[in-house]
Amino acid sequence: MRDHFEIRDGDLAGRIGRLEVPRAGVTVETPALLPVVNPNIDTVPPSKLESEFGAEILITNSYIIKKNSHLEKEALDVGLHEMLDFHGAIMTDSGSFQLAEYGDIDTTTEEILQFQYDIGTDIATPVDIPTPPDADREDAESDLEITKQALADAEAIDTGDMLVNAPVQGSTYPDLREEAARHAYDTDLDVFPVGAVVPMMNDYRYDDMVDAIAGAKRGLGVDAPVHLFGAGHPMMLALAVAMGCDLFDSAAYALYARDGRYLTVRGTEHLEDLDYLPCTCPVCSEHSPDDLRAMGSKTQEKRLAEHNLYVTFAELRRIKQAIRDGNLMELVEERARSHPTMLDGYRAMLDHVAQLEREDPASKGAFFYVSNESSYRPEVARHHDRLDRLSAEGTILLTEGGKPSGDEYDEAWRVVPPFGPFPRALSETYPLTAEVPKRLDRDAYEQAARGVARLVRENPDVDFTLAHDDWPASALALVPESVETEPLSTVTETLAARADPLGSDDAASDE
Ligand SMILES: [Zn+2]
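Residues numbered from 1 in each chain as written. Predicted model: local features only at pLDDT ≥ 70, side-chain atom pairs only at ≥ 80, totals over all residues.

As annotated in an unreviewed UniProt entry, the protein chain is tRNA-guanine(15) transglycosylase from Haloferax namakaokahaiae. Under the heading Catalytic activity (unreviewed entry), UniProt records this for the protein chain: "guanosine(15) in tRNA + 7-cyano-7-carbaguanine = 7-cyano-7-carbaguanosine(15) in tRNA + guanine". (UniProt positions renumbered as here; feature names shortened; annotations may be inferred.)

Undergrad: I'd love a proper account of the overall build of the protein chain, names of residues and values included.
TA: Helices and strands together make up the secondary structure of the protein chain, namely 22 helices and 18 strands. Each principal axis of the C-alpha distribution contributes one length, and for the protein chain these read about 95 × 55 × 40 Å. Relative to its 511 residues, the protein chain shows a buried fraction of 48%. Partitioning the contacts of the protein chain with sequence separation of at least 6, the portion at a separation of at least 24 is 72%. (Helix = DSSP H or I, 4+ residues; strand = E, 2+ residues; numbered from the N terminus. Buried ≥ 20, exposed ≤ 12 C-beta atoms within 10 Å, placed from the backbone. Contact = placed C-beta atoms within 7 Å.)

Undergrad: So what about the UniProt feature "binding site: Zn(2+)" (unreviewed entry) in the protein chain? Which residues, and what values?
TA: UniProt's feature table lists "binding site: Zn(2+)" (unreviewed entry) at Cys279, Cys281 and Cys284, given in the numbering used throughout. Among the structural elements, Cys279 can be located in the loop between strand E13 (267-270) and helix H13 (282-286). Ignoring any residue separated from it by four or fewer positions in sequence, one finds Cys279 in contact with Cys284, His307 and Val311. Looking at where Cys284 falls in the secondary structure, it is placed in helix H13. Ignoring any residue separated from it by four or fewer positions in sequence, one finds Cys284 in contact with Leu277, Cys279 and His307.

Undergrad: Talk me through helix H6 (residues 109-118); I want residue IDs and the actual numbers.
TA: All of the buried residues in H6 are Thr109, Ile112, Leu113, Phe115 and Gln116. Considered in projection along H6, the buried side chains sweep an arc of 160° and stay on one side of the axis. The elements touched by buried residues of H6 are helix H2 (62-66), strand E6 (89-93), strand E7 (123-124) and helix H7 (137-156). Looking at the residues trailing H6, positive phi occurs at Gly120, about 90°. (Arc of directions from axis to C-beta.)

Undergrad: Which residues make up the confidence of the model for the protein chain, and what values go with them?
TA: Confidence in the prediction for the protein chain averages 93 pLDDT; 95% of positions are at 70 or higher. Confidence drops under pLDDT 50 across residues 499-511; counting only partners more than four residues distant or on other chains, this segment forms 17 contacts. (pLDDT = per-residue confidence, 0-100.)

Undergrad: Residue-level account of the UniProt feature "binding site: substrate" (unreviewed entry) in the protein chain, with values.
TA: The UniProt feature table records "binding site: substrate" (unreviewed entry) at Asp128 and Ala196. These annotated residues cover 69 residues of sequence, and their C-alpha atoms lie no more than 10.4 Å from one another, placing them together at a single site. With respect to the helices and strands, Asp128 occurs in the loop between E7 and H7. Note on Asp128: 31 C-beta atoms within 10 Å, which makes it buried. With residues near it in sequence (within four places) discarded, Asp128 still touches Ser96, Thr147, Ala150, Pro167, Gln169 and Gly195.

Undergrad: Account for helix H16 (residues 328-336), with residues named and values stated.
TA: When you tally the buried positions in H16, you get eight out of nine residues, the bulk of the element. Among the residues making up H16, those that are buried are Leu328, Met329, Glu330, Leu331, Val332, Glu333, Arg335 and Ala336. The elements touched by buried residues of H16 are strand E1 (5-11), strand E2 (14-21), helix H11 (234-242), helix H15 (297-325) and helix H17 (340-351).

As structure tokens, this is what we get:
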């Protein structure tokens with residue numbers, strides 16, 4: 001176990017955790033956002049990040065500091081914390097980003113780790129190779145060997161109580177990501193950044209980002225704190241947290257502000273296009289778009305950067321509350337509607353439902369069915385798995401309606417789309433208490449039919465009858481031929497004709 005990271009609460013693969021950073025003497029609550037501080041540019045001072053935005057941790061770049069003789073001297077003389085005037089934890093990058101951008105840097109893992117140690121870094125980074133998306137497989141593999149060597153070099157250095165990152169690379173090859181993650185996890189390094197996802201996000205390839213995270217997570221133990229390097233747009237945070245990322249860093253707040261761009265949880269706006277500011281942060285409460293446009297460029301940049309930070313930190317708090325309430329999935333679904341590529345990311349996440357299912361708590365407050373994708377949530381997959389373990393005997397009516405009191409059937413089970421069949425005794429258990437809309441979609445009925453098929457497959461000797469409420473043909477086609485199907489209205493009429501009252505203990509008719 002990695003004893004510097006403790007998980008307090010979870011939903012999907014997302015979690016609220018506590019990352020102990022011994023060198024800083026602080027414990028950071030995750031998911032956490034690390035604002036990127038460029039030591040050359042003072043957009044929002046670190047002391048303000050701490051006092052006004054509640055930042056517990058930030059990230060800056062040791063390579064930039066080392067390359068500037070003035071900054072280098074100051075950092076060595078007084079240490080990073082005093083130089084930046086920040087009391088929280090400080091992570092530093094190593095120059096790997098510059099390596100990816102410019103193809104060359106003049107430092108090594110040994111040298112830059114020692115430098116990070118000397119300037120008082122709390123979480124340091126070795127020189128890994130951020131292999132871009134779509135690299136040739138051979139290049140991705142040879143880059144990965146260099147990254148593995150960098151991790152070995154980092155392990156060999158005595159860094160005291162400074163934590164050290166073990167970046168996970170592997171380009172767009174999920175199996176390489178998994179292999180890289182397994183290797184990183186087997187080192188004695190401490191924090192696990194998933195690297196080189198920035199080019200994916202810049203191209204709105206959220207599905208590839210999800211696959212990269214999923215690959216990395218498969219290779220890492222549950223107790224590994226995971227950092228999504230370079231990711232901090234509020235629109236994608238819920239998705240990335242749900243996939244199991246704990247740390248994020250954002251240069252976007254400052255870079256976008258410089259460019260007149262305004263972040264929201266639904267995407268990015270240009271200040272020049274805004275007639276209204278759709279936000280309640282102090283900046284947006286006190287200014288109109290015209291006020292901001294009338295400002296000098298430096299002031300405007302600062303105000304926009306502040307808004308961008310407010311909206312990002314607010315989204316993180318919303319995500320944490322969703323984890324506490326057990327409705328992170330609903331938040332991810334909501335964010336998925338903000339852009340078609342976010343929907344791709346969300347659907348890619350649902351492709352990994354079996355993986356998510358392993359970490360997702362078995363019981364939560366409420367399951368809200370809010371879109372056809374809700375049919376593919378981990379809870380539905382888990383219910384289908386559970387059907388294998390439920391014993392059924394004799395003749396069973398699977399019905400969307402009430403309980404018949406006649407003796408035509410040995411038992412009557414409920415059927416609720418998208419879950420499918422279950423014994424009545426389970427009616428009050430999560431997730432079968434789900435709030436489901438009356439106007440359901442095809443996916444929900446088809447998933448329920450798959451549940452029926454699963455139950456039938458496991459119980460070949462039982463006679464099943466399915467009483468359904470007008471299921472679409474595509475769903476009925478998934479019901480095995482051995483099952484007798486009839487519209488619910490027929491069953492109800494037959495029962496009524498026999499003057500058999502419907503069972504009063506039917507939860508579906510309670511409303
Ligand atoms: Zn605002």
